[in-house]
Amino acid sequence: MNGRMRVAAASLLALSLTLTACSGTSGQASTDDVKLTVWSWDGTVEAAVEGFQEEHPNITVDVVNAGSSYDEYKALDNAIQAGSGVPDIVMFEYFSIPYFAIPGKLTDLSEQAAGFKDDYVPAAWNNVSIDGGVYALPSDYGPAAMFYNQATFEKAGVTEAPTTWDEFYEAAKKIHALGDEYYITNDSADIFMLLSLIWQAGGRPFDVDGTNVSIDFEGAETTQAVEYWQKLLDEGLINTEIAGWSDEWNRALNDGTLATQITGGWLTSTLPERAPDAAGDFRVAPLPQWEEGPQVGAENGGSAMGIPEASQNKEAAFLFLEYFTHGDGVQTRVDEGAFVPNTKILESDEFRNQTNEYFGDQTYNAVLAQASENVATGWQYPPFFEWARTAYGDISADYYSTGNGSLAEILDEWKTQMTDYGNEQGFTVK
Amino acid sequence: MFIAPFAVLFALVFIIPIGFAAYLSLFQDKLIGGQVFVGLSNYIQLFGDAKFWNGVIRVMVFTAIQVPVMLIVAMSLAMALDSKRLHGTKFMRISVFLPYAVPAIVSTLMWGFMMGTKYGLIGNLNEAVGTSIDPFRPDTTMISIGIMITWAFTGYNMLIFYSALKAVPHELYEAAAIDGATEFQVVKMIKLPALRGSLVVTIIFSIIGTFQMFNEPQILSSMVSNSGITTYYTPNLYAYNLAFTGSQQGYAAALALVMAAITIAIAYVVQIRGMKDALE
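In this report, the structure presented in the accompanying data block is examined.

On to the overall build of chain A. A count of helical and extended segments in chain A gives 18 helices and 14 strands. At 24 Å, chain A has a C-alpha radius of gyration in line with the 22 Å of a compact globule built from 430 residues. Structurally, chain A occupies a C-alpha span of about 90 × 50 × 40 Å along its principal axes. Counting only residues that meet the buried cut, chain A has 57% of its 430 residues in that class. Across chain A, every contact between residues at least 6 apart in sequence was considered, and the portion connecting residues at least 24 apart equals 74%. For chain A, the exposed surface amounts to about 17,400 Å²; the carbon and sulfur share of it is 47%. Of the charged side chains in chain A, 21 are positive and 66 negative, and the gap between their average positions amounts to 4 Å.

Here it is as structure tokens:
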């Protein structure tokens, strides 16, 4: 060994000692450098990586945006099938977790995450718990809420935001009376909105127990929600011409002809860009209620992060996962605009008292935090929901474009197709 | 021995992929239970699949209407260019061909915005004239797609026709002029027969092209609501959705092979007929 090499070896040794020292505090004994690959479409991931790497300099985190959620699931399925290129941490929408968890493609985190349960709102924890295991940790949340344009409401003579669905119906009539292009909201086959109504009413159409799935849209609570929405559609009070996220949608929100959106709290982050002219007009309110009494909420969207069973770096992956969804990373992400289901954030005054000029200086986070805690639990998604939602689009296309049929018929046909598909895929569906 | 390089390439780029698709089509990928050999049951299921036939009939009807319209327009343009009676033929040639160079994704977005009823050109027209034309209703979407595709491919077909006309020996026209032939007779006796070979080629290309329709419905489905576009609107779209949303790769492979067989059969019939006519 010549002199230069000896110096190099010594500095390497010193380096590895520092690495050990740093990682020692977090319980990671390995001195090897680990490279984690994270697949996510969430812009706040990058922000959290910096803080994490300060704590764990031996772990490099490579964040890859694998496309929209739908593209990401396809890519993950392909990587798992090919047995290579499987990422260490992946972001999932809540409804897609059973699809990966039930066939054993995700790591059960129930041991490492024991005791985390009470740190999240109950419904979020419910989303990641499947068959007694914990297959992901909740990273952001979409409590269903009502975003309403106060200016349009006032023009129509609705002085207070509707607090029950009956009041919502009355408001819908008044708003449509303003003119043909005025509607209380739009719906062109939005399955998540319909499901959130059913969810709030207490309907639980899907029941999953391992590979046994049962589907039932006939329950009294489900029927109540479906019939209510059918009534609004029948009376022409809902705009069925405008698809969410389209250019037309942006314009209608912008000029106030669409008075409300019944959707997830995440709309706060995109509404100001989509409807800049409506600045100061929009407010956030809890979902109208089916009955007077204690507030019941529902969920519309949100996501979690899990570790694929095929990951090579599960220990390090969990360190990041914990930091990101439970530890210090959460505050960093909240500062970046993330809406998280962590109770310590939702209950903090700093978070609740935040205001936004766009929402007329309303403390909108307080409404959304309360809505998150009100979300009713016990909801389950079938493990083939990603497929089912596209099937729903096909089935409902005819009704929404021609008016032939009804929501009940659509749901009935949906159930038939889901049953066939599920059984074909190896589940027992009834 | 001399065909060895060809045989190797042929096997590599043609036989192996098709063989693999045929192999895949005998399996079913289950979420629970993994890959299972199912024999020919994917094919049996496909023949009874109303969604599949819905798409097949749609593209067939579309082909029967759109291809003749497009080819007649292309042929007329080619003859107009060839007549040498127009000024600025170079500019015209380029401008008719240009849409072909626009990627289908871009052109669909462009047409989608233009035909929008709320804020697009059609919207302005409706407002000005008081009509209520909606190009993207379940019964009009296919016509709108036909307009997009005609716009995109007319120039390409026109160029094929135009080059066939260019190849006609000049002496023929001189002889016709000496014989006192009218312009109509020249078209009928010289130009149309000269186009026959290229007509067979363009028909076959157009049939294959429309049978493989994918981009336009795929993009429009997320652009406009209530257009009637389903995930099985065309056979290609159906195969894509089966493979990627339903993870039914085996079924999608069976569908692709059946579609390939149908397309080849139709193209073959066109070719045989075209050849026979050309020989007569």
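A few words on the overall build of chain B. In terms of helices and strands, chain B carries twelve helices and two strands. Helices (α) and strands (β) of chain B occur, in sequence order from the N terminus, as α-β-β-α-α-α-α-α-α-α-α-α-α-α. Judged by the C-alpha coordinates and their principal axes, chain B covers about 80 × 70 × 30 Å. Looking at the 280 residues of chain B, the share that counts as buried comes to 41%. In chain B, once contacts between residues fewer than 6 apart in sequence are set aside, the share between residues at least 24 apart is 68%. If you sum the accessible surface of chain B, you get close to 15,200 Å²; carbon and sulfur atoms cover 72% of it. Between the centroid of the 15 positive side chains of chain B and the centroid of its 13 negative side chains there is a distance of 1 Å.

Enumeration according to the criterion identifies twelve salt bridges over all chains in this entry. Between B:Arg137 and A:Glu241 there is a salt bridge; the shortest N-O distance is 3.4 Å. Of this pair, B:Arg137 sits in the loop between helix H6 (121-129) and helix H7 (141-166) while A:Glu241 sits in the loop between strand S10 (238-239) and helix H10 (247-254), each in a different chain. Residue A:Glu241 is classed as partly exposed on the basis of its relative accessible area of 38%. Among the salt bridges present, the one from A:Arg251 reaches A:Asp247, with a minimum N-O distance of 3.1 Å. Here A:Arg251 pairs with A:Asp247, and both are found in helix H10, just four residues apart, close to one helical turn. A single salt-bridge network, built from bridges that share partners, covers A:Glu241, B:Asp134 and B:Arg137.

Bringing a nonpolar patch on the surface into the picture now. All names here are of chain B. Side chains of Ile3, Phe6, Leu9, Phe10, Leu12, Val13, Phe14, Ile15, Ile16 and Ile18 sit close together on the surface and give an oily, nonpolar patch of about 1,000 Å² of accessible area. When you line up the elements, Leu12 lands in helix H1 (residues 4-24). Assessed through its relative accessible area of 54%, Leu12 is described here as exposed.

Now for the environment of A:Leu137. Residues and elements named next belong to chain A. Secondary-structure assignment places Leu137 in strand S6 (residues 137-149). Note on Leu137: relative accessible area 0%, which makes it buried. Sequence separation between Leu137 and Lys117 is 20 residues, and the spatial gap between their C-alpha atoms is 9.7 Å. Aside from chain neighbours lying at most four places away, what touches Leu137 is Leu109, Ala113, Phe116, Tyr120, Trp125, Val128, Ala304, Met305, Phe318, Leu321 and Thr325.

Further remarks concern the nonpolar core. Ranked by size, the top nonpolar core spans 147 residues in total, and within it A:Ile97, A:Leu137, A:Trp229, A:Phe320, A:Leu407 and A:Trp414 carry the most contacts. Top contributing element to this core by residue count: helix H8 (residues 191-201) of chain A, with nine residues. Core analysis: the next-biggest nonpolar cluster, separate from the first, contains 23 residues, B:Tyr43, B:Ala254, B:Leu255 and B:Val270 among them.

Residues and elements named next belong to chain B. Tracing the backbone shows Pro193 in helix H9 (residues 183-211). We classify Pro193 as partly exposed; its relative accessible area is 42%. A C-alpha to C-alpha distance of 13 Å links Pro193 and Lys276, two positions 83 residues apart in sequence. The contacts of Pro193, once residues within four sequence positions are left out, are Val187 and Lys188.

On to the packing of aromatic side chains, then. For the structure shown, the criterion picks out 53 aromatic pairs over all chains. Plain terms: the ring middles of B:Phe97 and B:Tyr100 are 5.5 Å apart, the flat faces sit at 40° to each other, and that makes the pair tilted. Of this pair, B:Phe97 and B:Tyr100 are both found in helix H4 (residues 89-101), three residues apart, which corresponds to roughly one turn of the helix. Overall, B:Phe97 belongs to the partly exposed group, its relative accessible area being 25%. Connected via pairs of aromatic rings, a cluster forms that spans A:Phe95, A:Phe192, A:Trp199, A:Phe206, A:Phe217, A:Trp379, A:Tyr381, A:Phe385, A:Tyr392 and A:Trp414. The residue whose ring lies beneath A:Lys231 is A:Tyr169, and the NZ or CZ to ring-centre distance is 4.0 Å.

Residue and element names in this part refer to chain A. Mapped onto the elements of the fold, Arg352 is located in helix H15 (residues 349-352). Among buried Asp, Glu, Lys and Arg side chains, Arg352 stands out as unpaired, with Glu373 the closest opposite charge at 4.1 Å. In this structure, Arg352 is in contact with Leu346, Glu347, Thr363, Asn365, Ala366, Ala369, Gln370 and Glu373, ignoring residues within four places of it in sequence.

As a further point, take the packing of H7(B) against H9(B). Residue and element names in this part refer to chain B. Contact pair H7 / H9: the axes reach a minimum separation of 9 Å and the direction vectors enclose 150°. Of the possible angle classes, the one that applies to H7 and H9 is roughly antiparallel. Classified by chirality, the crossing of H9 by H7 is right-handed. From H7, Tyr156, Asn157, Ile160, Phe161, Ala164 and Leu165 reach across to H9, where they touch Lys191, Ala194, Leu195, Ser198, Leu199, Thr202, Phe205 and Ser206. Grouping the constituent residues of the contact of H7 with H9 by class yields nine nonpolar, four polar and one charged.

The rules behind these values
- Residues numbered from 1 in each chain as written.
- Chains lettered and ligands numbered in written order.
- Predicted model: local features only at pLDDT ≥ 70, side-chain atom pairs only at ≥ 80, totals over all residues.
- Heavy atoms only, no water.
- Helix = DSSP H or I, 4+ residues; strand = E, 2+ residues; numbered from the N terminus.
- Rg over C-alpha atoms; globule rule 2.2 N^0.38 Å.
- Buried < 20%, exposed > 50% of the residue type's maximum accessible area, 1.4 Å probe, protein only.
- Contact = heavy atoms within 4.5 Å.
- Areas by Shrake-Rupley, 256 points an atom, 1.4 Å probe, with all protein chains shown as cover.
- Lys, Arg positive; Asp, Glu negative; His and termini not counted.
- Charge placed at Lys NZ, Arg CZ, Asp CG, Glu CD.
- Salt bridge = Lys/Arg side-chain N within 4 Å of Asp/Glu carboxyl O.
- Patch = residues over 30% accessible without salt bridge, like charges linked within 9 Å, V, L, I, M, F, W, Y side chains within 5 Å.
- Core = buried A, V, L, I, M, F, W, Y, C linked by side-chain atoms within 4.5 Å.
- Phe/Tyr/Trp six-rings, centres within 6.5 Å; stacked < 30°, edge-to-face > 60°.
- Lys NZ or Arg CZ within 6 Å of the ring centre and 35° of its normal.
- Axes fitted to C-alpha atoms, helices over the stretch in contact; angles between N-to-C directions.
- Parallel < 35°, antiparallel > 145°, perpendicular 65-115°, else oblique.
- Left-handed = near helix turned anticlockwise from the far one by under 90°.
- Nonpolar A, V, L, I, M, F, W, Y, C, P; charged D, E, K, R; others polar.

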